Amino acid sequence: MKQKDIKVLVVDDEVAFANTLAQRLRMRDMEVGTAYDGEQALSKLNKEAPDVIILDLKMPGMHGMDVLQEIKAGYPEIQVILLTGHGTDRDGEEARRLGGFDFLNKPADIDHLECKIRKAFQEKLKRTV
Amino acid sequence: MENKNEEDLKALQLRFVGKVIAGFTHEIKNYLAIIKESSGLIGDMIKMGKLSEDDIPEYLDIIQSIEDQIGKATEHFTHLNRFSHRMDTQISAFNLNECMEELIALLNRFARQKKIVLETDFQQDLPPVKSNPSILQLLVFSFLEKKIAGLEKNGRITVRTGAVDNAVAVKIIPEGTFAEEDTDAGMTADKIRENFIKQLGGNISQGTAKETVITLPVHGV
């Protein structure tokens, strides 16, 4: 399957950050949508059916961990990478316990993030076959 | 009881400084993350060979975005720097609006996290106040913290300033639904506030609908 087929949803309340990261991932042949808070992200899951979600932790309204929990409850096959500037080791452990694929610090190196997205996508394929 | 008051005062001071630093570092890290992605995007475009004249507006937009983030970060550093220097001297002549603006800028993130709008409504041309701005900020923080904790999302808090005769006033006006009763976490919060306002030589009164009004004499105690 071509990398072009990877659907990514970037969820971050920093609009400029989410849009710029989305643009960079599109330049790497991914299909990328954006959401600017947890509620908006959850409302897009059905229609956009992302393979991988890049999720911020501390957002207005719903906390990233709550969003992760809801994603995993309704769409367990979707892989979630937490990308946060403010996470602790305990947050990382909690994210993995809740089924998060990985936990990265913001700002992440784009090549490293791309590699993680690809791995997360492979994981999703394994789970859906 | 005296020890309990001391402990609660120290806890409030630590919480205040902790929140300011946490909010500040969070904002700065976000600005840096946007700058990093924007400069990375320029790099991506060059590597892809997007080097024609038609691409110039896109480059200029990205450069503008970087400049905007640097501007916001600089403003935030200015607020933190002023906030820190207010502790250098106990009593000084200061501009009430600047003092409140800096406090709101440093605490805004915590209101935003709860989807509460924290806004200002300042009367212009206020006389300078001779008082202790650090204690005033701590006092206002203690009320804001309580109201932010109590309000449900989509609420609003307005910090309004004004002047009457030889006094200035800070009015904290919450609007919205309170999820929980408007109570304090610390048992001695009111006592601490009484102590603060005594040091400032002012007065605290409750207005309608959970409004709080802090009045300070312009010429100090």
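Residues numbered from 1 in each chain as written. Chains lettered and ligands numbered in written order. Predicted model: local features only at pLDDT ≥ 70, side-chain atom pairs only at ≥ 80, totals over all residues. Heavy atoms only, no water.

Caption draft 1: Summary view of the overall build of chain B. Looking only at helices and strands, chain B features 5 helices and 7 strands. Element order for chain B, N to C, with α for helix and β for strand: α-α-β-α-β-β-α-β-β-α-β-β. With respect to the principal axes defined by its C-alpha atoms, chain B has extents near 70 × 40 × 35 Å. Across the 221 residues of chain B, 46% fall into the buried class. Put simply, of all contacts in chain B between residues at least 6 apart along the chain, 75% involve residues at least 24 apart. When the accessible surface of chain B is summed, it comes to about 11,600 Å², and 53% of that surface belongs to carbon and sulfur atoms. Of the charged side chains in chain B, 26 are positive and 33 negative; the average position of the first set lies 6 Å away from that of the second. (Helix = DSSP H or I, 4+ residues; strand = E, 2+ residues; numbered from the N terminus. Buried < 20%, exposed > 50% of the residue type's maximum accessible area, 1.4 Å probe, protein only. Contact = heavy atoms within 4.5 Å. Areas by Shrake-Rupley, 256 points an atom, 1.4 Å probe, with all protein chains shown as cover. Lys, Arg positive; Asp, Glu negative; His and termini not counted. Charge placed at Lys NZ, Arg CZ, Asp CG, Glu CD.)

Caption draft 2: Looking closely at the pairing of strand S2 (residues 31-35) of chain A. Residue and element names in this part refer to chain A. Burial runs high along S2: 4 of the 5 residues are buried. Pairing between strand S1 (residues 7-11) and S2: 5 bridges, direction parallel. Of the residues in S2, the one forming a bridge with Leu 9 is Gly 33. (Pairing = 2+ DSSP bridges.)

Caption draft 3: Spotlight on the pattern of salt bridges. By the definition in use, this model includes 24 salt bridges over all chains. Of the charged contacts, one joins Glu 37 of chain B and Arg 24 of chain A as a salt bridge, the two residues approaching to 3.0 Å between their closest N and O atoms. You can see Glu 37 of chain B sitting in helix H1 (residues 2-47) and its partner Arg 24 of chain A sitting in helix H1 (residues 15-26), one on each of two chains. Classification of Arg 24 of chain A as buried rests on a relative accessible area of 7%. The network of salt bridges with common partners includes Arg 24, Arg 28, Glu 114 and Arg 118 of chain A together with Glu 37 and Asp 44 of chain B. (Salt bridge = Lys/Arg side-chain N within 4 Å of Asp/Glu carboxyl O.)

Caption draft 4: Region of the structure containing the sheet that holds strand S4 (residues 79-84) of chain A. All names here are of chain A. Within the open sheet, the 5 strands sit side by side as S2-S1-S3-S4-S5. Their pairing is parallel. Edge strands, defined here as strands with exactly one partner in the open sheet, are S2 and strand S5 (102-105). Sheet twist, expressed as the average angle between the axes of neighbouring strands with direction ignored, equals 20°. Contacts from H1 reach S1, S2, strand S3 (52-55) and S4, with the element oriented near 175° to S2. (Axes fitted to C-alpha atoms, helices over the stretch in contact; angles between N-to-C directions.)

Caption draft 5: Region of the structure containing the nonpolar core. The biggest cluster of nonpolar side chains holds 47 residues, and the ones touching the most others in it are Leu 96, Met 100, Leu 136, Val 140, Leu 144 and Ile 214 of chain B. Within the residue set of this core, elements represented by two or more residues are H1, helix H2 (56-85), helix H3 (96-113), helix H4 (133-150), strand S4 (156-164), strand S5 (167-175), helix H5 (189-200) and strand S7 (212-217) of chain B. In terms of residue count, the dominant contributor to this core is H4 of chain B (9 residues). Membership of the second largest hydrophobic core comes to 23 residues, among which are Ala 22, Ile 54 and Ala 108 of chain A together with Ala 33 of chain B. (Core = buried A, V, L, I, M, F, W, Y, C linked by side-chain atoms within 4.5 Å.)

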